Number of protein chains: 2
Amino acid sequence: MSSQINYDSKRMACGPADLKALKPKLEAAKNKILQLSESGAQGWIDVVHDVKLPKIIDKACRENAKFTTCLVLGIGGSDLAARAMYKALKPANSKKRLVFAGANTDPDELAEVLDDLDWKKTIINVISKSGETIETMSAFLIAREKMEKSLGKKQAAKQIIATTSEDSGALRALCEKENYYFLPIPENIGGRFSGLTAVGLFPLAFAGINARAILKGAQEQIKLFKSQSSEKNKAALFAALQFLAYTKQKRGIQILMPYAERLREFAFWYRQLWAESLGKEKNAKGEAVNIGPTPVAALGATDQHSQIQLYTEGPDDKTVTFIEVKKFKFDLAVPKSVKSDKIFGKLAGIKLENIIHAERAATEFALQQKSRPSGTLYLKSLNATSMGELIMFFELATAISGELYGINAYDQPGVEAGKMKLKSILDI
Amino acid sequence: MSSQINYDSKRMACGPADLKALKPKLEAAKNKILQLSESGAQGWIDVVHDVKLPKIIDKACRENAKFTTCLVLGIGGSDLAARAMYKALKPANSKKRLVFAGANTDPDELAEVLDDLDWKKTIINVISKSGETIETMSAFLIAREKMEKSLGKKQAAKQIIATTSEDSGALRALCEKENYYFLPIPENIGGRFSGLTAVGLFPLAFAGINARAILKGAQEQIKLFKSQSSEKNKAALFAALQFLAYTKQKRGIQILMPYAERLREFAFWYRQLWAESLGKEKNAKGEAVNIGPTPVAALGATDQHSQIQLYTEGPDDKTVTFIEVKKFKFDLAVPKSVKSDKIFGKLAGIKLENIIHAERAATEFALQQKSRPSGTLYLKSLNATSMGELIMFFELATAISGELYGINAYDQPGVEAGKMKLKSILDI
């Protein structure tokens with residue numbers, strides 16, 4: 001196979017000289033990432049070849065044959081990747097569906113979601129690496145009670161599948177006690193890098209999405225990363241240009257703006273990956289740096305009527321990365337019959353795909369007119385393979401960025417204070 | 001009635017001295033806004049008493065009796081307010097529904113949406129003030145053709161309702177020609193301030209939402225704005241503190257983070273209002289300033305597992321405004337039966353409402369620990385009146401901010417370049 005992704009950076013502000021100066025750091029970043037992977041300290045690269053994954057996918061396909069709905073309970077790294085890929089790849093008119101809950105503790109939302117389920121046809125996939133995530137576990141305990149009331153405890157246990165730490169944690173223990181089916185999250189993969197493990201792939205495969213093809217796409221990006229020099233590799237180039245925009249030009253806001261409704265949720269996945277990985281108080285040496293770009297999720301063409309005024313005329317503190325899908329599935333066009341209409345005749349016969357492509361080009365132009373940088377990721381089409389590529393492209397870019405910033409891209413010390421306080425307020 | 005909104009600003013960074021110094025500017029801002037309203041230059045304040053609106057609401061209720069679905073076609077200011085309030089107020093288990101499209105030119109999305117409609121039971125509400133919005137009108141022409149194929153041209157015309165400029169424009173002309181029912185957008189109200197006109201209220205009333213109560217809520221906020229001194233008024237206080245954070249402390253990123261799934265879309269409405277109104281190249285004197293905070297839509301508690309790492313540890317360039325709903329509709333709690341469980345017993349009996357409140361408080365605490373400012377808007381509950389208050393609260397705050405920044409909050413010159421380029425690319 002060959003890559004379905006291309007990255008066009010000609011409208012980014014930093015040029016060859018800046019990139020050349022960065023070359024040694026970029027090469028070092030690549031080596032560090034490969035070394036973290038080879039030593040087993042980080043598992044998110046090698047996992048795409050994990051022999052357990054095809055078995056997990058097969059299990060999902062067996063559940064798919066018996067049930068219609070998978071209630072996915074997770075938050076943050078335990079649900080954003082599946083949400084993004086489900087929105088992007090959901091088969092049209094499918095009888096199988098994913099229902100996401102557990103990403104909040106909103107009683108109104110959860111009550112309505114649970115009320116709508118037919119428990120006989122539903123499996124629960126509860127996802128938490130630590131097994132102690134309060135939002136997810138509260139939702140799970142409530143959902144489980146409803147399922148048990150409907151099916152009885154014994155049958156319910158057969159319809160509960162937990163995705164959690166391989167070795168330890170409260171949810172792992174609960175699986176042992178209650179005999180729930182258990183899917184492992186490898187210890188050396190953090191939540192926001194776990195989309196291509198059982199966390200993301202089990203629910204996606206249940207929904208009838210080709211999870212093996214997602215892995216193939218990810219493998220392709222890894223192959224490119226390993227075989228290309230760091231200056232040729234597009235993920236490395238993307239990371240380098242965002243880093244230069246941040247450090248050299250004070251562009252602290254980095255917007256991802258896909259021109260496709262199906263990629264709306266993908267921008268939210270990016271938002272977590274970029275923010276939690278790169279927003280850090282201390283660098284790897286322990287010095288206070290308070291660093292990190294603020295990722296913003298936008299959507300084209302919609303946000304041209306919402307955010308572009310600010311992006312073109314407001315402070316020059318942003319980068320915009322578009323994603324363009326070259327070929328859409330449907331071939332919708334404005335009816336030719338309006339041709340004789342005095343007012344709308346000019347739109348007759350124009351394909352929506354051409355309009356949305358023109359919208360992106362026009363926005364790129366409007367930004368350029370005001371000397372605002374932008375870049376574009378081109379996707380040949382939206383399919384399981386290209387989504388796998390896209391996920392791995394950004395995981396690699398994030399890891400590279402972490403090395404360039406000199407911070408640990410894999411921890412999240414800043415959320416601990418809030419978690420402790422939450423427990424103290426709730427007295428638990 | 002009394003207001004259902006309160007604003008707690010004790011964790012914002014600017015204190016009494018800064019606010020005192022701003023007092024004359026704040027008072028001048030208030031007077032300017034009232035003068036713009038009294039002179040008729042701006043209509044978004046007075047519109048909530050417009051005698052046409054109850055008639056428009058009645059029309060929507062008559063359509064509600066005959067049809068089940070309203071296909072809402074609009075973009076930006078023509079759909080974000082209705083989306084936000086529909087998400088917040090949608091009656092549970094209602095047989096009437098709104099389907100939003102026309103906010104993008106994505107062929108895959110539109111094809112699926114249209115494929116799912118039963119035209120016999122559907123009305124189209126196409127919304128564009130200028131009547132020339134390419135995204136909306138393309139979607140409309142495609143949807144109309146499908147409706148006409150299904151129902152015949154004559155019947156289809158009876159099921160099309162256009163919301164557009166009172167006096168002029170291409171869609172207005174089309175209404176005359178094709179005999180479509182027409183709802184007016186007053187000339188002196190811009191798109192992003194038009195949520196409380198026919199633009200938002202017609203579809204909401206069709207969906208069974210109490211549009212009169214929305215207006216009542218908005219009236220309450222206007223009453224407070226007019227009767228209170230600008231230093232006592234909460235909308236003015238909110239605007240002043242955000243302005244001080246921007247100008248005195250370089251906090252260019254202003255996050256709205258409701259702790260309620262039903263307010264997820266509200267943050268997107270805020271995002272347009274804040275960005276398009278305040279992001280400006282030139283001030284009112286015509287001098288280049290390139291000013292404007294970047295609004296960010298977040299969601300609690302979900303984004304604690306996505307964005308809080310960055311907000312607490314990254315650059316100190318943000319303000320966070322929480323929205324807390326004091327009383328939710330549903331009284332969901334973790335089952336008491338888990339009490340004997342060794343691991344999850346501590347969660348037994350805890351109400352989700354209490355958890356989500358504790359989550360907000362914990363996040364406020366975590367930010368405060370790092371000296372990051374935040375504020376909280378408290379809503380007694382989520383209902384039509386409080387949503388009307390919330391909309392008007394932010395419209396007033398935006399108008400006040402515009403005066404404080406010394407810019408025109410009502411235009412959007414920066415989107416013109418892109419629109420022109422789009423037409424030139426499409427050769428129309």
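**Student:** It is not clear to me how the overall build of chain A should be interpreted in this structure. Could you clarify?
**Tutor:** The helix and strand tally for chain A stands at 15 helices and twelve strands. The principal-axis extent of the C-alpha atoms belonging to chain A is close to 65 × 65 × 45 Å. Per-residue burial for chain A yields a buried fraction of 59% across its 428 residues. Counting contacts in chain A only where the partners sit at least 6 residues apart, residues at least 24 apart contribute 78% of the total.

**Student:** I tried to follow the relation of the copies chain B and chain A on my own but got confused; where do I start?
**Tutor:** Relating the two copies of this chain is a rotation about some axis coupled with a shift parallel to it. For these two chains of identical sequence, chain B goes onto chain A by a turn of 180° and a shift of 0.0 Å along the axis, with RMSD 0.0 Å. The two molecules are tied by a two-fold rotation axis, judged by turn and shift. In terms of proximity to the rotation axis, the leading residue of chain B is B:Val296, whose C-alpha is 3.5 Å off the axis. In this assembly, 100% of the residues forming the interface of chain B have copies in chain A that are likewise at the interface, indicating an isologous arrangement.

**Student:** Hey, could you run me through the sheet that holds strand 10 (residues 294–297) of chain B in this one?
**Tutor:** Sheet strands pair by backbone hydrogen bonding; their relative direction is either parallel or antiparallel. All names here are of chain B. With mixed pairing, five strands are arranged side by side in an open sheet as 1-12-11-7-10. Taken across any chain shown, the strands that pair with only one partner, and hence form the sheet edges, are strand 1 (5–8) and strand 10. Put simply, the sheet's adjacent strands are angled 20° from each other on average, direction ignored. Each of strand 7 (253–259) and strand 10 is contacted by helix 11 (residues 264–278), which is oriented at about 175° to strand 10, the strand it contacts most. The sheet contacts of helix 13 (residues 352–369) involve strand 7, strand 11 (318–327) and strand 12 (374–381), and relative to strand 11 the element is tilted by about 160°.

**Student:** Even after reading the chapter, I still don't get the interface of chain B and chain A, so can you show me in this structure?
**Tutor:** How big an interface is tends to be reported as the loss of accessible area on association of its parts. Counting from both sides, the interface comprises 91 residues of chain B and, opposite them, 91 residues of chain A. At twelve residues, helix 13 of chain B tops the list of elements feeding residues into the side of chain B that touches chain A. Taken together, the residues of the side of chain B that touches chain A sort by class into 46 nonpolar, 24 polar and 21 charged.

**Student:** So what exactly am I meant to see when it comes to the pairing of strand 12 (residues 374–381) of chain A here?
**Tutor:** Regular strands show a simple pattern: their side chains alternate between the two faces of the sheet. All names here are of chain A. Note: strand 1 (residues 5–8) against strand 12, four bridges, orientation antiparallel. For Asn6, the partnering residue across the bridge sits in strand 12 and is Tyr378. Bridge count for strand 11 (residues 318–327) against strand 12 is seven bridges, and the pairing is parallel. What sits directly across from Val325, in strand 12, is Leu379.

**Student:** So what exactly am I meant to see when it comes to helix 3 (residues 80–89) of chain A here?
**Tutor:** All names here are of chain A. Burial runs high along helix 3: nine of the ten residues are buried. For helix 3, the full list of buried residues reads Leu80, Ala81, Ala82, Arg83, Ala84, Met85, Tyr86, Ala88 and Leu89. Tucked inside the fold, the buried residues of helix 3 contact strand 2 (69–73), strand 3 (97–101), helix 8 (198–206), helix 9 (211–227), helix 11 (264–278) and helix 14 (384–405).

**Student:** Got a minute to help me understand the domain arrangement of chain A in this structure?
**Tutor:** Residues and elements named next belong to chain A. When cut into domains, chain A gives domain 1 (5–38 + 214–414) and domain 2 (46–209). In this structure, domain 1 and domain 2 have C-alpha centres spaced 29 Å apart. Each partner contributes residues to the interface: domain 1 has 23 residues there, and domain 2 has 20 residues. At the level of secondary structure, the elements contributing two or more residues to the side of domain 1 that touches domain 2 comprise helix 9, helix 11 and helix 14. Element by element, the count of residues in the side of domain 1 that touches domain 2 is highest for helix 11, at nine residues. In terms of residue class, the side of domain 1 that touches domain 2 is built from 14 nonpolar, four polar and five charged.

**Student:** Honestly, the sheet that holds strand 4 (residues 122–127) of chain B in this entry has me stumped. Any pointers?
**Tutor:** All names here are of chain B. What the five strands build is an open sheet, ordered 3-2-4-5-6; its pairing is parallel. The two strands at the open ends of the sheet, each matched to only one other strand, are strand 3 (97–101) and strand 6 (181–185). Direction aside, neighbouring strands of the sheet carry axes that sit 20° apart on average. In this sheet, strand 6 lies alongside strand 5 (residues 160–165) in parallel orientation, the contact comprising five bridges. Counterpart to Thr164 in the pairing with strand 6 is Pro184. On top of the sheet, helix 5 (residues 134–151) reaches strand 2 (69–73), strand 3, strand 4 and strand 5; it is set at about 160° to strand 4, its chief contact.

**Student:** Hey, could you run me through the packing of helix 13 (residues 352–369) of chain A against helix 15 (residues 416–426) of chain B in this one?
**Tutor:** The packing of two helices is summarised by the inter-axis angle and the distance between the axes. With their axes 8 Å apart at the nearest point, helix 13 of chain A and helix 15 of chain B run at an angle of 135° to one another. As judged from the angle between their axes, helix 13 of chain A and helix 15 of chain B are oblique. Of the two elements, helix 13 of chain A crosses helix 15 of chain B, and the hand of that crossing is right-handed. When helix 13 of chain A is examined against helix 15 of chain B, the residues A:Ile355, A:Ala358, A:Glu359, A:Ala361, A:Ala362, A:Thr363, A:Phe365, A:Ala366 and A:Gln369 are found in contact with a partner set consisting of B:Ala417, B:Gly418, B:Lys421, B:Leu422, B:Ile425 and B:Leu426. Partitioning the contact of helix 13 of chain A with helix 15 of chain B into residue classes produces ten nonpolar, three polar and two charged.

**Student:** What am I meant to see in unusual backbone geometry here?
**Tutor:** Across residues other than glycine, the phi torsion is negative in most instances, and most of the peptide bonds are trans. All names here are of chain A. A cis amide bond links Gly300 to the next residue, Ala301, at an omega of -5°. Here Ala301 lies in the loop between strand 10 (294–297) and helix 12 (308–313). For Asn290, which is not a glycine, the phi torsion comes out positive at approximately 40°. With respect to the helices, strands and loops of the structure, Asn290 is situated in strand 9 (residues 288–291).

**Student:** When you look at the nonpolar core in this model, what are you seeing that I'm missing?
**Tutor:** Most often, soluble globular proteins have nonpolar side chains that are buried together. With 300 residues, the main nonpolar core has A:Met85 and B:Met85 as its most contacted residues. In contact with B:Met85, other than residues within four places in its own chain, are B:Gly200, B:Leu204, B:Ile209, B:Ile214 and B:Met387.

What counts, and at which threshold
- The numbering scheme is per chain: residues are counted from 1 as the chain's sequence reads.
- Chains and ligands are labelled by the order in which they are written, letters from A for the one and numbers from 1 for the other.
- Predicted model: local features are reported for residues with pLDDT of at least 70 only, side-chain atom pairs are reported and counted for 80 or more only, and whole-chain, interface and lining totals are derived from all residues.
- By definition, any uninterrupted DSSP run of H or I lasting at least four residues is a helix, any uninterrupted run of E lasting at least two residues is a strand, and each is numbered from the N terminus.
- The exposure label follows from counting other C-beta atoms within 10 Å of a residue's C-beta, where the C-beta atoms are placed from the backbone and the thresholds are 20 or more for buried and 12 or fewer for exposed, leaving partly exposed in between.
- Remark: residues whose backbone-derived C-beta atoms lie within 7 Å of one another are considered to be in contact.
- Here the copies are matched by least squares. The fit uses the C-alpha atoms of residues with pLDDT of at least 70 in both.
- The rule for pairing is simple: two strands pair if DSSP sees at least two bridges between them.
- Orientation is described by lines fitted to C-alpha atoms, with helices fitted over the stretch in contact, and by angles between N-to-C directions that extend from 0 to 180 degrees.
- Ten residues, namely Ala, Val, Leu, Ile, Met, Phe, Trp, Tyr, Cys and Pro, are considered nonpolar, four, namely Asp, Glu, Lys and Arg, are considered charged, and the remaining ones, Gly among them, are considered polar.
- Throughout, the edges of the domains are those of an automatic or database domain assignment.
- Convention used here: angles under 35 degrees read as roughly parallel, angles over 145 as roughly antiparallel, angles from 65 to 115 as roughly perpendicular, and any remaining angle as oblique.
- Take the far helix as the reference: if the near one is turned anticlockwise from it by less than a right angle, the crossing is left-handed, and if turned clockwise, right-handed.
- Take the buried Ala, Val, Leu, Ile, Met, Phe, Trp, Tyr and Cys residues, join any whose C-beta atoms are within 7 Å, and the set you get is a nonpolar core.

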